[in-house]
Amino acid sequence: METGVTTELYPPERIGRVREAAAGAGLGAVLLTPGPDLRYVTGYDALQLERLTCLAVPAEGEPFLVVPRLELPAARESPAGALGIELVPWDETEDPFALTAARLPSGIARVGVADRMWAAMALRFRAALPGAEQVAAGSVLRELRMRKSAAEVAALREAGAAIDRVHRLVPGLLKAGRTEREVGRDIADAIIAEGHARVDFVIVGSGPNGANPHAELSDRVISPGEPVVVDIGGTMPSGYCSDSTRNYCVGEAPAEYRAYYAVLEEAQRASCEAVRPGATPEAVDAAGRDVIAAAGYGEHFFHRTGHGIGLESHEDPYIVAGNREPLEAGMAFSIEPGIYPGPHGARIEDIVVCTEDGYEPMNVTERGLVTVD
C-alpha cells in the first residue's frame, strides 16, 4: 500500500455508499476512470492512459474494476486490491468498453460517468451502452466527498503543516536580484523536500505581478521595496492537497501597501470567523468582502473568497456569492480574500475545516506581512 495511505482514509464501505447514492439518483451504474473520484472510492491512483481502467459500480449487483492486463499488478498492489472487488483484466485485442457494458445489468437507462473521463472514452461508452443516458457522476459523489471524515481531516492537517514548513523557508529564498523563476524553482524543491509527492503550483508574484492572482513564474527580477505574493500547493502521498498564500516584502513595504494589507488581514479574519455549521458560503464570502468594500477597495477584490479542497485542490464547496448551501462539519475549503490595486497586490489564504462549533485552520504560519532583509 502506498505511503501515507490507510484503510481509514480509503475505507472499504465507500463503494457501498456510492452504490446507494447511485440508486438514490436513479442511476443504473457509475463508471469511474482514473482521477480523483476513482481514488476517493478505491484509493487507487491509477495512471490516465489511452487504455481503459474503469471501476463499474452497478446500483444492483457487484462492483468490478476493469484494467489493462499490464496494469493488473499495480491495481492488485494498490488499496483497491484489498477491497475484495473483482479485478477484470483485458487484453490488447479486446474491446474493454464492450466488456464493461456486457457485465452490467441489462436495461440500464441512466449511467453516471466520471467528471474527468476523457471525451473519447465517454463516447465509446455511449456506443457500448446505446440505450443509457449519460450524466456526470460528480453530481452523485459530491455529497460524499464534501464531508471529510476524521481521517481525511487528519490528511489535510498533515498537508497544511507541510506547506507551512515551506512558507517558513521562503524568507531565505527571496532576495533582491533573483528572478521569480529562480525563487519558484527553489520553492518547488522545498515542497517535495517537506513531504509532498507532487508540486501542484507555485506562484511568486512580485511587484505588479502580485496584482494578477494567477501570475505565472517569469524572469522578472525582484527589486528592493517590492511586495511578493507567494501562493503554493502540492499533493501529499495520501492524495490530499495543500494550498496556502502568504505575503512578503524585500525591504520596507510602500505605505499604501501597508494600509490595504491591514484591511486584508481584517477581512480574512472576518471570513474565517463567519465559518460555522449552518452558515452559507455566500455569508462567509460577504463577511470579508464587506470589510474590503467599506475601506474603499471593493473593486480590487474580484474573485471568490474560496474553494473546497481534498483530493483536488479545487472542489466543492465554493465560497462565493450565490452559494446558499449550508456549511456542515467536515467541509474543507480555502479562505483567501485579496486586494489587487495594480502596482502590487496581496492575498491571504488558509485552508479551514468547518467543525461542530466553528472552524479549524489547517495553516498556522503568521498571516502578517513578512519583511525580508
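Please read all numbers here as calculations on a predicted model, not as lab measurements.

Looking at this structure, I do not really get the sheet that holds strand β5 (residues 110–113). What am I missing?
Backbone-to-backbone hydrogen bonds pair the strands of a sheet. The strands run either parallel or antiparallel. Strand order in this open sheet of six strands is β4-β3-β2-β1-β5-β6, and the pairing throughout is mixed. At either end of the open sheet lies a strand with only one pairing partner, and these are β4 (86–90) and β6 (133–136). Each neighbouring strand pair of the sheet contributes to a mean axis angle of 25°, computed without reference to strand direction. Note that β5 and β6 share four bridges and pair parallel. Opposite Val-111, over in β6, you have Gln-134 as the bridge partner. Across the sheet, helix α1 (residues 14–24) touches β1 (29–32) and β2 (54–58), and the angle it forms with β2 is around 60°.

Honestly, the UniProt feature "domain: Creatinase N-terminal" (unreviewed entry) in the chain in this entry has me stumped. Any pointers?
Under the feature "domain: Creatinase N-terminal" (unreviewed entry), the UniProt entry names residues 14–146. The straight-line gap between the two end C-alpha atoms of residues 14–146 is 14 Å; of that span, 38% is helix and 20% is strand.

Can you help me understand the pairing of strand β3 (residues 64–68) in this one?
Looking along a regular strand, one sees side chains alternate from face to face of the sheet. Here β3 lies mainly inside the structure; five of its five residues are buried. Because side chains alternate across β3, one face comprises the buried residues Phe-64, Val-66 and Pro-68, and the other comprises Leu-65 and Val-67, equally buried. Here β2 runs beside β3; their pairing, made up of three bridges, is antiparallel. Bridge pairing in β3 places Ala-56 opposite Phe-64. As consecutive antiparallel partners, β2 and β3 are separated by five residues, and within that stretch Gly-61 has a phi angle of approximately 120°, a positive value. Viewed along the sheet, the connection from β3 through helix α3 (residues 72–77) into β4 turns out right-handed.

Looking at this structure, how should I read the nonpolar core?
Side chains of a nonpolar character, in soluble globular proteins, are inclined to be buried together. In this structure, Leu-31, Leu-32 and Leu-65 are the most contacted members of the largest nonpolar core, which totals 62 residues. Discounting chain neighbours no more than four positions away, the residues touching Leu-65 are Leu-38, Tyr-44, Thr-53, Cys-54, Leu-55, Ala-75, Ala-80, Ile-85, Glu-86, Leu-87 and Val-88. Val-183, Ala-188, Val-228 and Ile-232 belong to the second-largest nonpolar core, a separate cluster that totals 19 residues.

Criteria and cut-off values
Numbering of residues begins from 1 in every chain and follows the order in which that chain's sequence is written. Restriction of local features to residues with pLDDT of at least 70 applies here, the model being predicted, together with a cutoff of 80 or more for giving and counting side-chain atom pairs; totals for whole chains, interfaces and linings are based on all residues. Working from all heavy atoms in the structure, the side-chain values ignore hydrogens and water. The rule for pairing is simple: two strands pair if DSSP sees at least two bridges between them. Secondary structure counts use DSSP, requiring at least four H or I residues in a row for a helix and at least two E residues in a row for a strand, with both numbered from the N terminus. For helices, the fitted axis covers only the stretch in contact; all axes are lines through C-alpha atoms, and the angles between them, taken along N-to-C directions, range from 0 to 180 degrees. We call two residues in contact when some of their heavy atoms are within 4.5 Å. UniProt positions are given in the numbering used here, feature names are shortened, and annotations may be inferred rather than shown by experiment. Each residue is assigned to one of three classes by its accessible area relative to the maximum for its type, calculated with a 1.4 Å probe on protein chains only: buried under 20%, partly exposed between the two thresholds, exposed over 50%. For a crossover, the right-handed case is the one in which the path from the first strand over the helix to the second runs clockwise, viewed with the strands pointing away from the viewer. Buried residues of nine kinds, namely Ala, Val, Leu, Ile, Met, Phe, Trp, Tyr and Cys, make up a nonpolar core once their side-chain atoms join them within 4.5 Å.

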